[in-house]
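Working through the structure, step by step
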Amino acid sequence: MDPAWILLVAVVVVLGGILLLRLHPFLALLLAALAVAVLTPAEALEDYARRKVEDGAWTEKAAAELVASTAAERVAAGFGRTCAGIGILIAMAAVIGKCLLDSGAADRIVRWALRLLGRDRAPLAFLSSSFVLSIPVFFDTVFYLMIPLAKAMRLRSGRNYLFYVLTILAGGTMAHSLVPPTPGPLFVADKLGVNLAAMIAGGCAVGLVAAAAGYAFAAWANRRWDLPLRESPDVSLAEMERTAARGQHELPPVWLALAPIVLPVVLIAGQTALATWLDAAGPGGAPAWLAAARPAVDTLGNKNVALILAAAVALGTLWWQKRASRGELAAAVQTALASGGVIILITSAGGALGATMGQCGVAGAMARLTRDVHPVLILPVAFAVTALLRGAQGSATVAMITSVGILQEVAGSGQLGFHPVYLALAIGCGSKPLPWMNDSGFWIICKMSGMTETEGLRTITPQLTLMGIAGLAATMIGAALFPLV
């Protein structure tokens, strides 16, 4: 079967499963992966295996095993490889996020930003703190945390409520799609072979540009429309006030609150910088003690180890701040792993789909189609593919997972002309446009903030679309001026 038809079947299974049959994304992605594997002709498998051997990625034995394997075995192998690459990271990020919330560390970061910038710059404080918190914490959780503070600020100031809501959205949603260890960018970076430190740095740079565009839109929308303060169906205004009035003594110090977020970034970036410098210096070109320290630095800077250490710090913060018992700590970890486990399943199923699409020739066909396109113009293609998938089924993470499966071979074909981090960032930016009623995040924002559906469509939808386009523009400029190859 032609790869284009196989791709169409995969998209129909994913979209139909999620939208029509109301299947969980894990099941929809897994069924799509199995359908693609079953429809893949033997000739496509042999061609894929041959190219892997020619590239030096596989041995002849590994290639023969792939050709002889069944569809179910290939799906399971793709699932397992993805889980091995990102499973620990997502699990530890979930533990960090849970501990930041329960210990009051996340609340401390937001209040610190508000105090640092002042109440007159509260929207900027909400923007920056939501961006930072959405790196280790899932966006919906960050929104749940910060909306009480936004409502409390509205009660005190009597104005700017829409500004507060949209700036929380602008910061949090960009970090969610661009900065690991959140699942979408983590998965995309893994599939495109992008170093985690490069993805974090690039995601922060492009994310801040996009968030600035979102901030500008929020300021304009706040002048144009007034969003009244309404009762939330989940939490009353009185409860919001009680949450916002929590005493400073109940919260950990700022340095400790920030430690689980900053520590892995420092360890991973430090390991990358040291390895780059030692490799450039060559044998004998660096101090002996520094060369001797490399194995330890490599271990501490390993992405899995860095996140494990950060989770340990976060658990220690929860114990120190709340004097939590071992049972309470175990319960917090259990809750975190329950939510993180679902994300691992969804992401690994997406990895299985991406693997089978590569084997059937879809990814190779996309690489051939874009061969004569100017390298920088590949980025808007990636953006458009992801945006269409996002608008069709609602989930930004599912859109990124599916899109990178289609585009992953473009990065390995040698035709980019720039670092693959830019392709990863374009995919992340493409997951922002066209949010509407099929997006669970759209409903979370509307219901928790008190927006009507009409208010959400005229503010949330254009804001995220604008941010995605601004992020794409920044990515294309970066790829043109600083290709990093």
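The model shown is predicted, which means the values in this text are computed figures rather than measured ones.

**So, the overall build of the protein chain**
- If you tally the helices and strands in the protein chain, you get 23 helices and zero strands.
- Over its C-alpha trace the protein chain gives a radius of gyration of 23 Å, about what one expects of a compact globule, namely 23 Å for 485 residues.
- The principal-axis extents of the C-alpha atoms in the protein chain amount to approximately 70 × 60 × 50 Å.
- Every one of the 485 residues in the protein chain was classed for burial, and the buried ones make up 55%.
- Look at the contacts in the protein chain between residues 6 or more apart in sequence, and 80% of them connect residues 24 or more apart.
- By element, 66% of the accessible surface of the protein chain is carried by carbon and sulfur atoms, the whole surface being about 19800 Å².

**Details of the nonpolar core**
- Of all hydrophobic cores here, the largest spans 138 residues; its most connected members are Phe126, Leu133, Phe143, Leu353 and Ile427.
- By size, the runner-up hydrophobic cluster in this structure holds five residues, among which are Leu45, Tyr48, Ala49 and Leu66.

**Concerning the packing of aromatic side chains**
- Under the defined criterion, the tally for this structure stands at nine aromatic pairs.
- Between Phe217 and Trp220, the ring centres sit 5.6 Å apart and the planes meet at 45°, which makes this aromatic pair tilted. Pair noted here: Phe217 and Trp220 are both in helix α11 (residues 196-224), with a separation of three residues, about one helical turn.
- The class for Trp220 is partly exposed, based on a relative accessible area of 38%.

**Side note on the environment of Leu133**
- Tracing the backbone through its elements, the reader meets Leu133 in helix α7 (residues 122-133).
- Assessed through its relative accessible area of 0%, Leu133 is described here as buried.
- Taking the C-alpha atoms as reference points, Leu133 and Thr461, 328 residues apart in sequence, are found 22 Å from one another.
- Beyond its immediate stretch of four places on either side in the chain, Leu133 contacts Ala106, Ile109, Val110, Val142, Leu145, Met146 and Ile261.

**Quick look at the pattern of salt bridges**
- Evaluated as defined, the whole model comprises eight salt bridges.
- A salt bridge links Asp47 to Arg50; its shortest N-O distance comes to 2.2 Å. In this pair, Asp47 and Arg50 both sit in helix α3 (residues 42-54), three residues apart, roughly one turn of the helix.
- Given the relative accessible area of 28%, Asp47 is considered partly exposed.

**Details of unusual backbone geometry**
- In this structure, Pro181 follows Pro180 across a cis peptide bond, with omega equal to 15°.
- On the secondary structure map, Pro181 appears in the loop between α9 (161-178) and α10 (183-192).
- Although it is not a glycine, Asn160 adopts a positive phi angle of roughly 65°.
- Checked against the element boundaries, Asn160 lands in the loop between α8 (139-157) and α9.
- The exposure class of Asn160 is buried, given its relative accessible area of 18%.
- At Leu434, a position not held by glycine, the phi torsion is positive, near 65°.
- The class for Leu434 is partly exposed, based on a relative accessible area of 41%.

**A word on the packing of α11 against helix α23 (residues 453-481)**
- Remark: α11 packs on α23, axes separated minimally by 8 Å, with the N-to-C direction vectors making an angle of 145°. Like other packed secondary-structure pairs, α11 and α23 cross with a definite hand, here right-handed. Packed against α11, whose contacting residues are Val206, Val209, Ala210, Ala211, Ala213, Gly214, Phe217 and Ala218, the element α23 presents Arg458, Thr459, Pro462, Gln463, Leu466, Met467, Ala470, Gly471, Ala474 and Thr475 at the interface.

**Let's talk about the state of the cysteines**
- All told, the structure shown has zero disulfides when counted by the stated rule.
- As a non-bridged cysteine, Cys429 has Cys204 as the owner of its nearest cysteine sulfur, 13 Å distant.

**A few points about the confidence of the model for the protein chain**
- Residues of the protein chain with pLDDT of at least 70 account for 93%, and the chain-wide mean is 87.
- Within the protein chain, the element-level pLDDT minimum falls on helix α12 (residues 237-244), averaging 55, and the maximum on helix α21 (residues 421-430), averaging 96.

**A look at α8**
- Compared with an ideal rise of 1.5 Å per residue, which puts 19 residues at 27 Å, α8 spans 26 Å between its outermost C-alpha atoms and is within 8% of the ideal.
- A bend of about 30° at Met146 is the largest found in α8, and the proline Pro148 appears one to four places after it.
- Gly158 occupies a position one or two residues after α8 and carries a positive phi of about 75°.

**Overview of helix α16 (residues 303-322)**
- With 20 residues, α16 ought to run about 28 Å at 1.5 Å a step, and its terminal C-alpha atoms sit 28 Å apart, in line with that.
- Every buried residue of α16 is accounted for by Asn304, Ala306, Leu307, Ala310, Ala311, Ala314, Thr317, Leu318 and Gln321. When α16 is viewed along its axis, its buried side chains cluster within an angular range of 160° and face the same direction.
- Next to the buried residues of α16 lie α5 (71-103), α13 (254-281), α15 (294-300) and α17 (326-360).
- Two or three places before Asn304, at the start of α16, stands the capping residue Asn302, its side-chain oxygen 2.9 Å from that residue's backbone nitrogen.

**Structural notes on the side chain of Thr465**
- In this structure, Thr465 sits in helix α23.
- Not counting residues up to four positions away in its chain, the partners in contact with Thr465 are Lys432, Pro433, Leu434 and Pro435.

Procedures and definitions
Along each chain, residues carry numbers from 1 onward, in the same order as the chain's sequence is written. Per-residue local features are limited, in this predicted model, to residues with pLDDT of at least 70; the limit for side-chain atom pairs, both in listing and counting, is 80 or more; totals at the level of whole chains, interfaces and linings are taken over all residues. To get the side-chain values, take all heavy atoms of the structure and skip hydrogens and water. Only runs of H or I of at least four residues qualify as helices and only runs of E of at least two qualify as strands under DSSP, and these elements are numbered from the N terminus. Radius of gyration here uses only the C-alpha atoms, and the compact-globule reference equals 2.2 Å multiplied by the residue count raised to the power 0.38. Relative accessibility thresholds used throughout: buried, under 20% of the residue-type maximum; exposed, over 50%; partly exposed, between the two (1.4 Å probe, protein chains only). Residues are treated as being in contact if the distance between any of their heavy atoms lies within 4.5 Å. Under the convention used here, a 1.4 Å probe and the Shrake-Rupley method define accessible areas, while residue burial counts only the protein chains that appear. Put simply, a nonpolar core is a bunch of buried Ala, Val, Leu, Ile, Met, Phe, Trp, Tyr and Cys residues held in one set by side-chain atoms that sit within 4.5 Å of each other. The rule is short: rings of Phe, Tyr and Trp, with Trp giving its six-membered ring, pair when the centres are within 6.5 Å, and they are stacked under 30 degrees, edge-to-face over 60, tilted in between. For salt bridges, the criterion is a side-chain nitrogen of Lys or Arg within 4 Å of an Asp or Glu carboxyl oxygen. Here the axes come from fitting lines to C-alpha atoms, over the contacting stretch only for helices, and the angles between their N-to-C directions go from 0 to 180 degrees. By convention, the crossing between two helices is left-handed when the near helix turns anticlockwise from the far helix through less than a right angle, and right-handed when the turn is clockwise. Cysteine sulfur atoms are paired as a disulfide whenever they fall within 2.5 Å. The quantity known as pLDDT measures the predictor's confidence residue by residue, on a range of 0 to 100. Multiplying 1.5 Å by the helix residue count minus one yields the expected span of that helix. The angle between axes fitted to the seven-residue stretch ending at a residue and the seven-residue stretch beginning at it gives the bend at that residue. Taken from the helix axis, the directions to the C-beta atoms give the arc we talk about. In the analysis that follows, any N or O atom pair within 3.5 Å is treated as a polar contact, provided that within protein one partner can donate a hydrogen and the other can accept it, and provided that, for residues neighboring in sequence, both atoms belong to side chains.

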